[in-house]
Amino acid sequence: PIQGLMPILLPGETIEVSPGVFKSVNGFGTVQNGNSDGATLAFGAIVLGFSWLQVRAGRWSQVDASGANERKSLNLFLGALCIAGAAMTWFATNRLQMPLALALSGALIALSLLLSRWLKVSLHAMFAAFATALLWPIVPALVAGAAITAAVVWSRLALGRHVVADIVAGLALG
């Protein structure tokens, strides 16, 4: 490639930018080095650690945050974590995609908190729909995401965790 210019690539394609140095294209269509597996695992570990500490301190009855106050504290924590993660990722990488996704996730959680007076918005359905939307325009991935979202919706209803209105609100927000 011409120095400083990158060719247009489709998600999933790889380019050799110098001898032996390859970059791949992520789902947003931008070239990236490496992956975000470590950050994803760290995020999950932080959330699980927070949940475990809440149970250990006697503030929650179990780690799934079933009670209304438990959900509220978890959602406040998740929203703050997403916003903090967006800021840290922006300053660390100076790239837009991941910070934007984290900031939007924090905003979705904040919106669900605002609606909690009237609805128990299904965050599972919301984030399944959001993750599926992030897969655009990769059609096979969209189909897989839609199937996973449908399974999530079914499980929330089958387990009795939500009513249809909660699911619809989650899907609409996602």
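Provided above is the structure to which this section pertains.
Residues numbered from 1 in each chain as written. Predicted model: local features only at pLDDT ≥ 70, side-chain atom pairs only at ≥ 80, totals over all residues. Heavy atoms only, no water.

### So, the overall build of the protein chain
Here is step 1: Helices and strands together make up the secondary structure of the protein chain, namely six helices and three strands.
Here is step 2: Taken from N to C terminus, the helices and strands of the protein chain fall in the order β-β-β-α-α-α-α-α-α.
Here is step 3: By the burial criterion, 27% of the 174 residues in the protein chain qualify as buried.
Here is step 4: Counted over contacts in the protein chain with a minimum sequence separation of 6, partners at least 24 positions apart contribute 44%.
Here is step 5: Carbon and sulfur atoms make up 69% of the accessible area of the protein chain, which amounts to about 10,900 Å² in all. (Helix = DSSP H or I, 4+ residues; strand = E, 2+ residues; numbered from the N terminus. Buried < 20%, exposed > 50% of the residue type's maximum accessible area, 1.4 Å probe, protein only. Contact = heavy atoms within 4.5 Å. Areas by Shrake-Rupley, 256 points an atom, 1.4 Å probe, with all protein chains shown as cover.)

### Concerning helix H3 (residues 97-115)
Here is step 1: For H3, which comprises 19 residues, the first-to-last C-alpha distance of 27 Å matches the rise-based estimate of 27 Å (1.5 Å per residue) to within 8%.
Here is step 2: Among the residues of H3, Pro99, Ala101, Leu102, Ser105, Gly106, Leu108, Ile109 and Ser112 are the ones counted as buried.
Here is step 3: Looking at the packing, one finds that the buried side of H3 touches helix H2 (68-93), helix H4 (123-134) and helix H6 (164-173). (Expected span 1.5 Å × (residues − 1).)

### With respect to the packing of H2 against H3
Axes are the key here: two packed helices are described by the angle between their axes and the distance separating the axes.
Here is step 1: In the contact formed by H2 and H3, the axes pass within 8 Å of each other and the chain directions differ by 160 degrees. Overall, the two elements H2 and H3 adopt an arrangement that is roughly antiparallel. Where H2 crosses over H3, the two elements pack in a sense that is left-handed. On H3, the residues that touch Lys72, Asn75, Leu76, Leu78, Gly79, Cys82, Ile83, Gly85, Ala86, Thr89 and Trp90 of H2 are Met98, Pro99, Leu102, Ala103, Ser105, Gly106, Ile109, Ser112 and Leu113.
Here is step 2: Looking at side-chain class alone, the contact of H2 with H3 contains 12 nonpolar, seven polar and one charged residues. (Axes fitted to C-alpha atoms, helices over the stretch in contact; angles between N-to-C directions. Parallel < 35°, antiparallel > 145°, perpendicular 65-115°, else oblique. Left-handed = near helix turned anticlockwise from the far one by under 90°. Nonpolar A, V, L, I, M, F, W, Y, C, P; charged D, E, K, R; others polar.)

### Overview of H4
Here is step 1: For H4, with 12 residues, the first-to-last C-alpha span of 16 Å sits near the 16 Å given by 1.5 Å per residue.
Here is step 2: Taken together, the buried positions of H4 are Leu123, Ala125, Met126, Ala128, Ala129, Phe130 and Thr132.
Here is step 3: Next to the buried residues of H4 lie H2, H3, helix H5 (139-158) and H6.

### A look at the nonpolar core
Here is step 1: Of all hydrophobic cores here, the largest spans nine residues; its members are Val47, Phe50, Trp60, Ala65, Leu74, Leu78, Leu81, Cys82 and Ile109.
Here is step 2: Among the secondary structure elements, those contributing two or more residues to this core are helix H1 (37-56) and H2.
Here is step 3: For this core, the element with the most residues is H2, which contributes four residues.
Here is step 4: Those residues in contact with Leu78 that lie beyond four places of it in its chain are Val47 and Ile109. (Core = buried A, V, L, I, M, F, W, Y, C linked by side-chain atoms within 4.5 Å.)

### Looking at the pattern of salt bridges
Here is step 1: The tally for this structure, following the rule as stated, stands at one salt bridge.
Here is step 2: Among the salt bridges present, the one from Asp64 reaches Arg161, with a minimum N-O distance of 2.6 Å. Here Arg161 lies in the loop between H5 and H6 and Asp64 lies in the loop between H1 and H2, a separation of 97 residues in the sequence.
Here is step 3: Judged by relative accessible area, Arg161 falls into the partly exposed class, the value being 31%. (Salt bridge = Lys/Arg side-chain N within 4 Å of Asp/Glu carboxyl O.)

### Looking at the environment of Ala65
Here is step 1: On the secondary structure map, Ala65 appears in the loop between H1 and H2.
Here is step 2: Look at Ala65 and you get buried, because its relative accessible area is 3%.
Here is step 3: In sequence terms Ala65 and Asn75 are 10 residues apart; their C-alpha atoms lie 9.6 Å from each other.
Here is step 4: Setting aside residues no more than four positions away along its own chain, Ala65 makes contact with Trp60, Glu70, Arg71 and Leu74.

### Remarks on the packing of H5 against H6
Here is step 1: Two elements in contact, H5 and H6, have axes whose closest approach is 10 Å; the angle formed by their N-to-C orientations is 150 degrees. When the axes of H5 and H6 are compared, the pair comes out roughly antiparallel. Handedness of the H5/H6 crossing: right-handed. Seen from H5, the contacting residues are Thr149, Val153, Arg156 and Leu157; seen from H6, they are Val164, Ile167 and Leu171.
Here is step 2: Of the residues assigned to the contact of H5 with H6, the class counts are five nonpolar, one polar and one charged.

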